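# Remarks on the overall topology
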Amino acid sequence: MEPSAKVIANRLNESKVNEARVNEPQRLSTLDIELRLLMEAIYLRYSYDFRDYAGASQKRRVVQAVRAFDCKSVSELQARVLHDPDLFMQLLQYLTIPVSEMFRDPSYYACLRQEVIPVLKTYPSLKIWVAGCSTGEEVYSLAILLREEGLLDRTIIYATDINPQSLEKARKGVFPLDRIALYAKNYQEAGGQLDFSSYYTAAYNAALFDRSLCDNVTFADHSLSTDSVFSETHLVTCRNVLIYFNRGLQDRALGLFHESLCHRGFLGLGSKESIDFSDYSQRFEPLQKRERIFRKL
Ligand SMILES: C[S@@+](CC[C@H](N)C(=O)[O-])C[C@H]1O[C@@H](n2cnc3c(N)ncnc32)[C@H](O)[C@@H]1O
C-alpha cells in the first residue's frame, strides 16, 4: 500500500530534524568547557601547554586539585591560578604526575642490556636523551646500567622534564629508603651485576645515590609540547609520558624523537605505549615489541 501524503511529509520532517542534529556542533559539558579554559589560561599566563593532553586522566587530576585546593569549581581554580604563581606550581604537581621507579619493568632494562648496549658499544661516544625523566629514577637506573657495561664515562645524558620540582629532586638523587627493597629487586631482575647497596648511602629515611653517576648528566627543562630537538642522540627513552598525551601531541613527541636520533638510533617507550597508530609507525621498526624498544629506519 502506498504511504499517504501525511506520512511522507512526517518522514521528510523527521529526516530534516536528524540532519540538523548531525550538523550541530557536539555539545561539551560545562566541566569540559571549564577544563579547556583552564588549560588556555595556564598556557597564556605561564606558557605551559597542557591543551593536548588526554582528556579523561587530565579531568581526573584537575578534579582532585579542585578538591585539594578547596575550590567550588574548575572556574574558581582557574581564577586563583591566574593570579597566584605559587598555586600554579602546586597545580603543576597534579598535572604532571611525578611518579617513577628505579628499573621499572626490569625486563625492559634487561633488553637494553642484552640487545641495545652491544650496539652502543660500537660508538666512540654516546648521547642519550631521557625525556620526561620526572624525579630521576629512570636516569639513575640507566647510569648504573651504563657504568656496569663500561659506557658511562663516554656517554652524555640529557635528562629533561617540565616540572622544576621534579628536576630539582632528580639532581639531588635522594630517594626514600622504603622504596629501596623494590628497586633492589628490580635491579637484580634486570640483570644487575653488583650488590645494589653499593650505589647509595643510607641516611635516616633516605638513600643518597652515588653522585658520580651523574657526572655527565645534564638535567634540563624541556617540553615535548613546545620545545625542539636534541641532535644526534643514539638512544631516546621516554617512558610513561606519551600515555598522557592525545594523538596529535604523541605524534609531535615521536617526531622530535625521530629527528633527534642518529641513523639507526634506538627509542624506548613505556610498557603501555605504542607507535602503532602514529604517523611514525612506518619510520621505526620494533627491536623488541614486547619491551617497546624500537629502532629508527
Ligand atoms: C609518570 S612520569 C614518568 C617518569 C619516568 N619516565 C618513568 O617512567 O618512571 C611522567 C613525566 O612526564 C613529564 N611530562 C609531562 N608532560 C611533559 C611534556 N610536555 N614534556 C616533557 N615532560 C613532560 C611529567 O612532568 C612527569 O615527570
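Residues numbered from 1 in each chain as written. Predicted model: local features only at pLDDT ≥ 70, side-chain atom pairs only at ≥ 80, totals over all residues. Heavy atoms only, no water.

Taking strand neighbours across the sheet as the criterion, the three strands line up as E3-E5-E4 in an open arrangement whose pairing is antiparallel. Edge positions in the sheet fall to strand E3 (174-176) and strand E4 (200-203), since each of these pairs with one other strand and no more. The sheet shows a mean angle of 30° between the axes of neighbouring strands, taken without regard to direction. With three bridges connecting them, E3 and strand E5 (residues 206-209) associate as antiparallel partners. Bridge assignment links Pro176 to a residue of E5, and that residue is Ala206. (Pairing = 2+ DSSP bridges. Helix = DSSP H or I, 4+ residues; strand = E, 2+ residues; numbered from the N terminus. Axes fitted to C-alpha atoms, helices over the stretch in contact; angles between N-to-C directions.)

Turning to the packing of helix H2 (residues 30-46) against helix H5 (residues 85-96), a few remarks are in order. Axis separation between H2 and H5 bottoms out at 13 Å; the angle between their running directions is 125°. Taken together, the axes of H2 and H5 are oblique relative to one another. In the packing of H2 onto H5, the handedness of the crossing is left-handed. Residues Met39, Ile42, Arg45 and Tyr46 of H2 pack against Pro85, Phe88, Leu91 and Leu95 of H5. For the contact of H2 with H5, the per-class residue count stands at seven nonpolar, no polar and one charged. (Parallel < 35°, antiparallel > 145°, perpendicular 65-115°, else oblique. Left-handed = near helix turned anticlockwise from the far one by under 90°. Contact = heavy atoms within 4.5 Å. Nonpolar A, V, L, I, M, F, W, Y, C, P; charged D, E, K, R; others polar.)

A few words on the sheet that holds strand E9 (residues 284-288). Strands sit in the order E6-E2-E1-E7-E8-E10-E9 across an open sheet of seven strands; the sheet is mixed. Each edge of the open sheet carries a strand with a single partner, namely strand E6 (217-221) and E9. With strand direction ignored, the average angle separating the axes of adjacent strands in the sheet is 20°. Across five bridges, strand E7 (residues 233-238) lies against strand E8 (residues 261-269) in parallel orientation. Pairing of Thr233 across the sheet is with Leu261, part of E8. Packing of helix H7 (residues 137-148) onto the sheet brings it into contact with strand E1 (126-131), strand E2 (155-161), E6 and E7, and relative to E1 it is tilted by some 155°. Across the sheet, helix H10 (residues 247-260) touches E1, E7, E8, E9 and strand E10 (293-296), and the angle it forms with E8 is around 140°.

Moving on to the pairing of E2. The element E2 is largely enclosed, with a buried count of five among its seven residues. Judged from the six bridges that link them, E1 and E2 form a sheet pairing that is parallel. Bridge assignment links Ile128 to a residue of E2, and that residue is Ile157. In the classification by handedness, the crossover that spans E1, the intervening H7 and the parallel E2 is right-handed. (Buried < 20%, exposed > 50% of the residue type's maximum accessible area, 1.4 Å probe, protein only. Right-handed = clockwise from strand over helix to strand, strands pointing away.)

Lining the immediate surroundings of the ligand are 22 residues, of which Tyr53, Ser100, Glu138, Asp161 and Asn240 lie closest. Among the residues making up the shell around the ligand, the classes are represented as eight nonpolar, nine polar and five charged. (Near = heavy atom within 4 Å.)

This next bit is on the packing of aromatic side chains. Following the criterion strictly, the structure yields 21 aromatic pairs and no others. Relative to Tyr109, the ring of Tyr108 lies with its centre 5.2 Å away and its plane at 85°, an arrangement referred to as edge-to-face. Judged by relative accessible area, which is 1%, Tyr108 ranks as buried. Geometrically, the ring pair formed by Trp129 and Phe230 is tilted, given 4.6 Å between the ring centres and 45° between the ring planes. Separated by 101 residues along the polypeptide, Trp129 in strand E1 and Phe230 in the loop between E6 and E7 bring together distant segments of the chain. We classify Trp129 as buried; its relative accessible area is 0%. (Phe/Tyr/Trp six-rings, centres within 6.5 Å; stacked < 30°, edge-to-face > 60°.)

So, about the pattern of salt bridges. Under the criterion given, the structure shown has 13 salt bridges. Between Glu285 and Arg264 there is a salt bridge; the shortest N-O distance is 2.7 Å. Of this pair, Glu285 sits in strand E9 while Arg264 sits in strand E8; the two residues are 21 residues apart in sequence, bridging distant segments of the chain. According to the relative accessible area criterion, Glu285 is partly exposed, its value standing at 28%. (Salt bridge = Lys/Arg side-chain N within 4 Å of Asp/Glu carboxyl O.)

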